[in-house]
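Given next are the chains, with one letter for each unit.
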Amino acid sequence: MAGIYIHIPFCKKRCTYCDFYTEVAPKLIPRLVDSICKEIEIRADYLANNQIDTIYFGGGTPSVLKPEQFSAIFKAIYSTFSVSENAEITFESNPDDLSVQFFESISQLPFNRISIGIQSFDDDDLKRINRRHVGNQAVQAIRNAQHAGFKNISIDLIYGLPYQTIEKWEKQLNMALIMNVQHISSYGLTYEEGTKLWEQREKGEVIPVDDDTMNEMYLLLVKNMKEKGFDAYEISNFAQKDYRSRHNSAYWKQQPYLGLGPSAHSYNLVSRQWNVSSILKYVYAVENKTNFFETENLSISEKFNDYVMVSLRTSEGIDLEYIKTEFGKKFVIECLENSQPFVDSLHLNLTDNRLSLTSKGVLISNQILIELMKV
Ligand code: SF4
């Protein structure tokens, strides 16, 4: 099984916290779609004969594409790869794109999952981080998706936004939980160098929420999700029964994936590849059949670190049997040695040959990760 990720690097405007590669350049969309279709042809062999189990349009803002542009990409994918009949097919979207007319226009496309970048339902929060939508549009977008027949809806929420209090965060959670969605991804706000938000913090225009409050917000998130029957299957991801993201779960289970479009990453169990982070350079290279990606062959330690980094965040945790089979006994011994202090301090659970974070371990997961990756 394998996945395909398509990066649509267009945004109508930039959110202050975002460090993804995107541009505000809608004129380039038709050329980019053509190039993605050509890239599919060029990289037809990358996933060998693996069947495609998930297709994910991420961004940027895939919902800026026209139905015929999505169709062209689907046509290229289906004529090149074998896609399983019940493949999970997702697109990310911004609430203000999700009108009734939009859903009518994509009704013939094979999407069966939608991920909506809500972030907050609060108008002041949204304005401060320069999101395009307001709270009412977020609610309407979810309703429109439900009326259009989407039965697998994921929403994104951010906690620790500037000036957000615990009470305000709880209000956002309550709002999210009455919307009857199947999946919620929620991340604490981070200040990434080079972003507008970083600059605002440096100038003292924005005061970050302190670490203790961030932890309290996270614990509140987990508590609320569990109370409403969501499975906390990854540190930042919560799903109703049978609604885990198959696409992301495949990344965490070390399955191969092909990333298409500018800045997209690919992994085929042997090497990592990443496409150039520039629409113009990407399009030019694809059109002229020159190289548009870099490749790095992974050493065994790098593969081990990749595995530890993603699996530690999941509720299943690190599988020591898998490490023994894939990397050898030496890696198991060192992993156990490095994890022992955290097992003793009850930050890690060691059961059934698996190491997983306890609820207090989640709060220091980065520190634990650094120790476990020391092999
Ligand atoms: S819409 Fe998404 S990708 Fe675009 S700037 Fe905002 S956070 Fe980044």
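Residues numbered from 1 in each chain as written. Predicted model: local features only at pLDDT ≥ 70, side-chain atom pairs only at ≥ 80, totals over all residues. Heavy atoms only, no water.

Draft legend 1. The arrangement of the packing of aromatic side chains in detail. Considering all chains together, one arrives at 26 aromatic pairs under this definition. One aromatic cluster is present, built from ring pairs that chain together Phe57, Phe70, Phe74, Tyr78, Phe91, Phe102, Phe103, Phe111 and Phe150. Taking the ring centre of Phe293 as reference, the NZ or CZ of Arg43 above it sits at 4.7 Å. Positioned over the ring face of Phe331 is Lys330, at 4.8 Å from the centre of the ring. (Phe/Tyr/Trp six-rings, centres within 6.5 Å; stacked < 30°, edge-to-face > 60°. Lys NZ or Arg CZ within 6 Å of the ring centre and 35° of its normal.)

Draft legend 2. The pairing of strand E14 (residues 348-351), seen in detail. Summarising the sheet, E14 and strand E15 (residues 354-357) pair through four bridges and their orientation is antiparallel. If you follow Asn349 over to E15, its bridge partner there is Ser356. Counting the residues that bridge the hairpin from E14 to E15 gives two residues, and of these Asp352 lies at a positive phi of roughly 50 degrees. (Pairing = 2+ DSSP bridges. Helix = DSSP H or I, 4+ residues; strand = E, 2+ residues; numbered from the N terminus.)

Draft legend 3. Spatial organisation of the nonpolar core. Core analysis: the largest hydrophobic core is formed by 99 residues, its most contacted members being Phe57, Phe111, Phe121, Ile155 and Ile323. Each of two domains, domain 1 (2-252) and domain 2 (300-372), supplies a minimum of three residues to this core. Setting aside residues up to four positions removed in sequence, Phe121 forms contacts with Leu126, Gly135, Ala138, Val139, Ile142, Ile155, Leu157, Gln172, Met175, Ala176 and Met179. In terms of nonpolar packing, the next biggest core, distinct from the first, is built from ten residues, Cys18, Ile158, Leu189 and Val206 among them. (Core = buried A, V, L, I, M, F, W, Y, C linked by side-chain atoms within 4.5 Å. Buried < 20%, exposed > 50% of the residue type's maximum accessible area, 1.4 Å probe, protein only. Domains from an automatic or database assignment. Contact = heavy atoms within 4.5 Å.)

Draft legend 4. Local environment of the site of the ligand. In the vicinity of the ligand, the residues found are Cys11, Arg14, Cys15, Tyr17, Cys18, Thr22, Gly59, Gly60, Asn94 and Arg131. Residues of the shell around the ligand, tallied by class, amount to four nonpolar, four polar and two charged. (Near = heavy atom within 4 Å. Nonpolar A, V, L, I, M, F, W, Y, C, P; charged D, E, K, R; others polar.)

Draft legend 5. Representation of the pairing of strand E2 (residues 52-59). When you tally the buried positions in E2, you get eight out of eight residues, the bulk of the element. Of the strand pairs in this sheet, strand E1 (residues 2-8) and E2 are connected by seven bridges, and their pairing is parallel. If you follow Ile8 over to E2, its bridge partner there is Gly59. Remark: the E1/helix H1 (residues 29-42)/E2 crossover connection has right-handed handedness. Summarising the sheet, E2 and strand E3 (residues 83-93) pair through five bridges and their orientation is parallel. Bridge pairing in E3 links Ile52 to Val83. In terms of handedness, the path from E2 via helix H2 (residues 67-80) over to E3 forms a crossover that is right-handed. (Right-handed = clockwise from strand over helix to strand, strands pointing away.)

Draft legend 6. Region of the structure containing H1. With 14 residues, H1 extends 20 Å between its outermost C-alpha atoms, agreeing within 8% with the 20 Å of an ideal straight helix rising 1.5 Å per residue. Taken as a whole, H1 has its buried residues at Ile29, Leu32, Val33, Ser35, Ile36, Cys37, Glu39 and Ile40. (Expected span 1.5 Å × (residues − 1).)

Draft legend 7. Representation of the packing of H1 against H2. Taken N-terminus to C-terminus, the directions of H1 and H2 make an angle of 5 degrees; their axes are 9 Å apart at the nearest point. Considering the angle they form, H1 stands roughly parallel to H2. Residues Ile29, Pro30, Val33, Ile36, Cys37 and Ile40 of H1 form the contact with H2, whose participating residues are Gln69, Ala72, Ile73, Ala76, Ile77 and Thr80. Of the residues belonging to the contact of H1 with H2, the class tally is ten nonpolar, two polar and no charged. (Axes fitted to C-alpha atoms, helices over the stretch in contact; angles between N-to-C directions. Parallel < 35°, antiparallel > 145°, perpendicular 65-115°, else oblique.)

Draft legend 8. Region of the structure containing the sheet that holds E14. One open sheet holds the three strands; their spatial order is E13-E15-E14, and the pairing between them is antiparallel. In this open sheet, the two edge strands, each paired with only one partner strand, are strand E13 (318-319) and E14. Two strands pair when backbone bridges link them, and E13 and E15 are joined in this way by two bridges, in the antiparallel orientation. Counterpart to Ile318 in the pairing with E15 is Leu355. Most of the contacts of helix H13 (residues 329-344) go to E14, to which it runs at about 120 degrees, and overall it touches E14 and E15.

Draft legend 9. Main features of the side chain of Ser339. Looking at where Ser339 falls in the secondary structure, it is placed in helix H13. Judged by relative accessible area, which is 1%, Ser339 ranks as buried. For Ser339, the contacting residues outside a window of four places in its chain are Leu348, Leu355 and Leu372.

Draft legend 10. Here's a closer look at the domain arrangement of the chain. Under the domain assignment used here, the chain contains domain 1 (2-252) and domain 2 (300-372). A separation of 28 Å is found between the C-alpha centroids of domain 1 and domain 2. Listed by partner, the interface residues are twelve residues for domain 1 and nine residues for domain 2. Summing both sides of the interface, domain 1 and domain 2 together bury roughly 910 Å²; the carbon and sulfur share of this comes to 58%. Considering only the side of domain 1, the residues that lose the most area to domain 2 are Glu234, Ile235 and Trp252, jointly responsible for 51% of the buried surface there. For Arg244, the salt bridge identified is with Glu316, shortest N-O distance 3.2 Å. Across the domain 1-domain 2 interface, the total number found is five residue pairs in polar contact (both at pLDDT 80 or more). (Buried area = accessible area lost by both parts, 1.4 Å probe. Salt bridge = Lys/Arg side-chain N within 4 Å of Asp/Glu carboxyl O. Polar contact = N/O pair within 3.5 Å; in protein donor to acceptor, adjacent residues only side chain to side chain.)

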